Amino acid sequence: MIAFKLPSLGADMDEGTLLEWRVKPGDQVKRGDVVAVVDTTKTAVDVEIWETGTLFEILVHPGEKIPVGTVIATLLAPGEVLSPGEIPPARIAEPAATGVSQRRPVSPAARKHAEELGVNLDQVTGTGPGGAVTVEDVIKAAGGHPQDKAADMRRTIAIAMSRSKREIPHYYLSETIALGNAVAWLSKVNADRPVIERILMAALFLKAVARAAGQYPEMNGFYRDGQFSQAAAVHVGVAISLRGAALGGGLIAPALHDVAEKTPGEVMKGLSNLVQRARAGSLKSSELSDPTITVTNLGDQGVESVFGVIYPPQVALVGFGRICERPWALNGEIKLMPVVTASLAADHRVSDGHRGALFLARIRELLLRPEDL
Amino acid sequence: MEDIRAVVIATLKKIAPEVEEQELKDDSPLRSQVDLDSMDWLNFLIALHGSLSIDIPEADYARLITLSDLVDYLKTKI
């Protein structure tokens, strides 16, 4: 029998409310399957399972709030058979155990609203087809809690960021990077692509950071219990602002996995998908617990530079400001050049400014040769 | 053609659900009004492509500043 525990949902989220089971006892599950949906103070999360087997019993039901690490279900390993004495009586009496009977269709829009409004879907009466929960049902059930949800989100961010500023001796470096080559390369690539396949500069930034982080392992990993352990792969946490100014906005930084191995086009697809899912409330548990370094990109509506706060237990954060045109000396002439200010906030317990500078310089070199990214 | 404007606004709401149509100004810069970053903007164009089957080349982005610019541009492409 395998005990399936609620996995980590990121360093700043230590509990969740079970919203829904996606599987029922008797279902075959395999590594990576989404088996349940859990709500956190920031977002609804699709919980993945990391074992292969047959779901045996569900131990936590929709509506229950549980800490990370709680056993929420049991599984039979492949080939495992229970002797009759091991089968709990309830299981025999009621083969379709609880949780299944409570499963109702919920539209993605209703789930998103429920998340934003802090509504427990389990307590909403569905009026749609087959008892489905609709957006109207959620809004009716909300009755005025959005501020609570926004306050929870703010508190969660406050806890993580206070811990960061209390524990991590940050040092900061910045470098202005000429993007003439990258801009020209992107417009050439995008000219031949339909709108759905276009690549944004953000994808090149992520790729460059991931490649550089692979070469400077002291920027990529976790500082826990007084020591640093470097991560084997580079999973870049992408800071994504959640829309909905009325609800206080908010910020989440899920991982884009194995960025260094992907082409810029693949990074772009992954990024676009990640942003959409972050805003729709369907991130996966591994995406919240996996980031090994964070990139924040304030984008083209923002400001020139950002000095970030490291997301613990990570040890570095790379920030990019707005791309803007500046006079630039090149080959003895002054010309207009699109530039971006890249900054590094890094953990002085793990690295020194010298290595940080080399890391940032490596990012610059990579962005000067976009065709090799 | 009023219906193109309606399609544009309906599409915009998919990307930015908090948008209130009556608060949108036709003649001020759309992206700063609605706080669309480059990813939102791209997703907006992808969604427009889905509803109107118009592929807006990147080279034309610079002409599309206000809601009116965008609606006028789309009218010439339909």
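These notes cover the structure that comes with them. As the structure is a prediction and not an experimental result, all values here were calculated from the model.

Attention now goes to the overall build of chain A. Per the secondary structure count, chain A includes 9 helices and 20 strands. Within chain A, buried positions represent 50% of all 373 residues. Considering only contacts in chain A between residues 6 or more positions apart, those separated by 24 or more positions represent 65%. With the model as given, the accessible surface of chain A reaches about 16,600 Å², and the carbon-plus-sulfur share is 54%.

Overall, the coordinates contain 2 cavities of 30 Å³ or more when judged by the stated rule. Around the second largest cavity, the lining residues are M13, K42, I252, A253, L288, P291 and Y311 of chain A.

This paragraph deals with the interface of chain B and chain A. Listed as interface residues are 23 residues of chain B and, on the opposing side, 20 residues of chain A. Summed over both partners, the interface of chain B with chain A comes to about 1,700 Å²; 51% of that surface belongs to carbon and sulfur atoms. Contact with chain A buries surface across chain B, with M39, L42 and E58 of chain B losing the most and accounting together for 32% of the total. Seen at the junction of chain B and chain A, the total is 2 salt bridges. One salt bridge in this structure joins R279 of chain A and D40 of chain B, with 2.4 Å as the shortest N-O distance. Linking chain B with chain A are 7 residue pairs in polar contact (both at pLDDT 80 or more), by the criterion used here. Residue assignment for the side of chain B that touches chain A shows that the elements contributing at least two residues are α2 (30-34) and α3 (38-52) of chain B.

Let us now look at the sheet that holds strand β7 (residues 65-67) of chain A. Residue and element names in this part refer to chain A. Pairing is mixed in the open sheet, where 5 strands are placed in the order β7-β2-β4-β5-β16. The open sheet has two free edges, formed respectively by β7 and β16 (283-284), since each of these has just one partner strand. Pairing between strand β4 (residues 34-39) and strand β5 (residues 44-48): 5 bridges, direction antiparallel. Bridge pairing links V37 to D46 in β5.

Residue pairs spaced three or four apart in an α-helix point in one direction, given the helix's 3.6 residues per turn. With 15 residues, helix α6 (residues 201-215) of chain A ought to run about 21 Å at 1.5 Å a step, and its terminal C-alpha atoms sit 22 Å apart, in line with that. Along α6 of chain A, 12 of the 15 residues are buried, which leaves the element largely enclosed by surrounding structure.

Rules behind the numbers
- All residue numbers refer to position in the chain's written sequence, counted from 1.
- Following the order in which they are written, the chains are lettered starting with A and the ligands numbered starting with 1.
- In keeping with the model being predicted, local features are shown solely for residues with a pLDDT of at least 70 and side-chain atom pairs are shown and tallied solely at 80 or more, while totals for entire chains, interfaces and linings include all residues.
- Values shown for side chains rest on all heavy atoms present in the structure; no hydrogens or waters enter the calculation.
- The secondary structure listing takes helices from DSSP runs of H or I that are at least 4 residues long and strands from runs of E that are at least 2 residues long, numbered from the N terminus.
- Relative accessibility decides the category of a residue: with a 1.4 Å probe and only protein chains considered, values under 20% of the type maximum give buried, values over 50% give exposed, and everything between is partly exposed.
- Any two residues whose heavy atoms approach within 4.5 Å are treated as being in contact.
- For the accessible areas, the method is Shrake-Rupley and the probe is 1.4 Å, while residue cover comes only from the protein chains on display.
- Here a cavity denotes a set of grid points, spaced 1 Å apart and computed over the protein atoms alone, in which a 1.4 Å probe fits but from which it cannot get out, and a pocket denotes an open set meeting protein on both sides within 12 Å along at least five of seven lines; residues with an atom within 4 Å of a point are reported as lining.
- Grid points are joined across faces, edges and corners, and a volume is the space filled by probe spheres set on the points.
- We define buried area as the total accessible area lost by two parts upon association, computed with a 1.4 Å probe and summed across both.
- The term salt bridge refers to a pairing of a side-chain nitrogen on Lys or Arg with a carboxyl oxygen on Asp or Glu at a separation within 4 Å.
- Polar contact is defined as a pair of N or O atoms within 3.5 Å, subject to the rule that within protein one atom must be able to donate a hydrogen and the other to accept it, and that residues adjacent in sequence are counted only when both atoms are side-chain atoms.
- Between any two strands, pairing holds if DSSP finds at least two bridges.
- Given a helix with a known number of residues, its expected span is that number minus one, times 1.5 Å.

That is the geometry; function is a separate question.
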